[in-house]
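# Close look at the chain arrangement
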Amino acid sequence: MAWPPTLVIFDCDGVLVDSELPANRTFRLMLAEQGLDLSLAETVGLLKGLSLPACAVLLRERFDLALPDDFFDRLQQRTYQAFRDELSAVPGIKDAVEDLALPFCVASSGAIEKMHFTLGLTGLLDLFRDRMYSAEQVARGKPFPDLFLHAAQQMGHSPDTCVVVEDSLPGVKAAQAAGMSVLGFAGTELADGDELGAAGATVFSDMRDLGALLV
Ligand SMILES: [Mg+2]
């Protein structure tokens, strides 16, 4: 990996928007309604950072849980309502992005349409509108490298000069598998900095420190 980087690839949930708590609380509640009673910590530990199709596979394989056909549609409706009620941008992220001296983009396990919604609610959409990449666009989501490699290629950068900012273990693994540097952001309530650090990420917890970490 080469340093300093030429491109910053941001994860969305838990890095740009503080969405993990409302999203995981809603997911936990709806799984309980299906008879799977996980704690919030268990829900986060199992599902955070994964795409919804990957969540469905994991729940089927681990718990033999077959979700109803409309489960993810209803989950999205209830999650979006929770976002309308309580979603905020990660503190300091707008200034940190506006002050970046490098090109940047966002690459999320979530859908492009979901990013439009969450970034729009939090005043960040104009910064990322033309540079959004989603697991929908590749064969395999995180922890596979496909999404970050796709984002780097679309942005015109070599993977080894990209740095990824991630708050989840699948995301850190995906960045490493792509041959990219990775910063682990542990500044939100559900982030586990020890876990990110043990996986090899350089951990930070205040977006005001981002600029200094990129030189
Ligand atoms: Mg995340």
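Analysis parameters
Residues numbered from 1 in each chain as written. Predicted model: local features only at pLDDT ≥ 70, side-chain atom pairs only at ≥ 80, totals over all residues. Heavy atoms only, no water. Helix = DSSP H or I, 4+ residues; strand = E, 2+ residues; numbered from the N terminus. Expected span 1.5 Å × (residues − 1). Polar contact = N/O pair within 3.5 Å; in protein donor to acceptor, adjacent residues only side chain to side chain. Contact = heavy atoms within 4.5 Å. Donors = N, O, S within 2.8 Å, 3.2 Å for Na, K, Ca; no water. Buried < 20%, exposed > 50% of the residue type's maximum accessible area, 1.4 Å probe, protein only. Core = buried A, V, L, I, M, F, W, Y, C linked by side-chain atoms within 4.5 Å. Disulfide = S-S within 2.5 Å. Pairing = 2+ DSSP bridges. Axes fitted to C-alpha atoms, helices over the stretch in contact; angles between N-to-C directions. Phe/Tyr/Trp six-rings, centres within 6.5 Å; stacked < 30°, edge-to-face > 60°. Domains from an automatic or database assignment. Buried area = accessible area lost by both parts, 1.4 Å probe. Salt bridge = Lys/Arg side-chain N within 4 Å of Asp/Glu carboxyl O.

A few words on helix H3 (residues 52-63). Taking 1.5 Å of rise per residue, 12 residues should cover 16 Å, and H3 covers 16 Å from first to last C-alpha, within 8% of that figure. Asp64 lies just past H3 and shows a positive phi near 55°.

This paragraph deals with the side chain of Asp167. Within the fold, Asp167 resides in the loop between strand E4 (162-166) and helix H9 (169-177). Polar contacts involving the side chain of Asp167 include one to the side chain of Lys48, which spans 3.2 Å. Filtering out sequence-adjacent residues up to four positions away, Asp167 remains in contact with Asp11, Asp13, Gly14, Val15, Glu20, Lys48, Phe185 and Leu196.

Moving on to the coordination of the magnesium ion. Distances from the magnesium ion to its protein donors, Asp11 (OD), Asp13 (O) and Asp167 (OD), fall at 2.0 to 2.2 Å. Given the relative accessible area of 11%, Asp13 is considered buried.

Within the largest apolar cluster, 33 residues are counted, with the highest numbers of intra-cluster contacts made by Phe10, Leu16, Leu119, Phe128, Val165, Met207 and Leu210. If near-sequence neighbours (up to four positions away) are discounted, Leu16 is found in contact with Phe10, Asp11, Ala89, Val90, Ile93, Val106, Leu119, Leu124 and Phe128. Counting residues in hydrophobic clusters, the runner-up holds 20 residues, among them Leu7, Phe148, Ala151 and Cys162.

All chains considered together, the criterion is met by zero disulfides. There is no disulfide at Cys12, and the cysteine sulfur nearest it, in Cys105, is 12 Å away. The exposure class assigned to Cys12 is buried, which follows from its relative accessible area of 1%. Not engaged in a disulfide, the cysteine Cys55 finds its nearest cysteine sulfur in Cys12; these two sulfurs lie 15 Å apart. Classification of Cys55 by relative accessible area gives buried; the value is 2%.

Here we have six strands laid out as an open sheet, ordered E3-E2-E1-E4-E5-E6, and parallel in their pairing. On the outer flanks of this sheet lie strand E3 (132-134) and strand E6 (202-204), each paired with one strand and no other. Between one strand axis and the next, the sheet turns by 25° as a mean value, whatever way the strands run. Where strand E1 (residues 7-10) and strand E2 (residues 104-108) come together, three bridges link them in parallel fashion. In the sheet register, Ile9 faces E2, and the bridge partner there is Cys105. Strand contacts of helix H8 (residues 146-155): E1, E2, E3 and E4, with the helix running at about 150° to E2, the strand carrying the most contacts.

Further remarks concern the pairing of E2. With five of five residues buried, E2 lies mostly within the body of the structure. Burial along E2 is two-sided: Phe104, Val106 and Ser108 facing one way and Cys105 and Ala107 facing the other are all buried. Where E2 lies against E3, three bridges are found, and the strand directions are parallel. Within the sheet, the bridge partner assigned to Val106 lies in E3 and is Met132.

Let us look at the packing of aromatic side chains. Under the defined criterion, the tally for this structure stands at nine aromatic pairs. Consider the rings of Phe27 and Phe72, whose centres lie 6.4 Å apart with planes at 85°: the pair is edge-to-face. Residue Phe27 is located in helix H1 (residues 20-33), and its partner Phe72 is located in helix H4 (residues 71-86); the two are separated by 45 residues in the primary sequence. Through successive ring pairs, a cluster of aromatic residues spans Phe10, Phe104 and Phe128.

With that out of the way, let us pick up H8. Three- or four-residue spacings in an α-helix give side chains the same orientation, since the helix completes a turn every 3.6 residues. Within the sequence span of H8, burial applies to Asp146, Leu147, Phe148, His150, Ala151 and Ala152. Once H8 finishes, Gly156 follows within two positions and takes phi at roughly 80°, a positive value.

Glancing now at the domain arrangement of the protein. The domain architecture assigned to the protein consists of domain 1 (7-18 + 88-213) and domain 2 (20-86). Between the C-alpha centres of domain 1 and domain 2 the distance comes to 21 Å. Tallying the contact residues gives 17 residues for domain 1 and 15 residues for domain 2. A buried area of about 1,400 Å², summed over both sides, lies between domain 1 and domain 2, and 62% of it is on carbon and sulfur atoms. The interface formed by domain 1 and domain 2 holds one salt bridge in total. The residue Lys48 makes a salt bridge to Asp167 at a minimum N-O spacing of 3.2 Å. Linking domain 1 with domain 2 are six residue pairs in polar contact (both at pLDDT 80 or more), by the criterion used here. The leading source of residues in the side of domain 1 that touches domain 2 is helix H6 (residues 112-121), at five residues.

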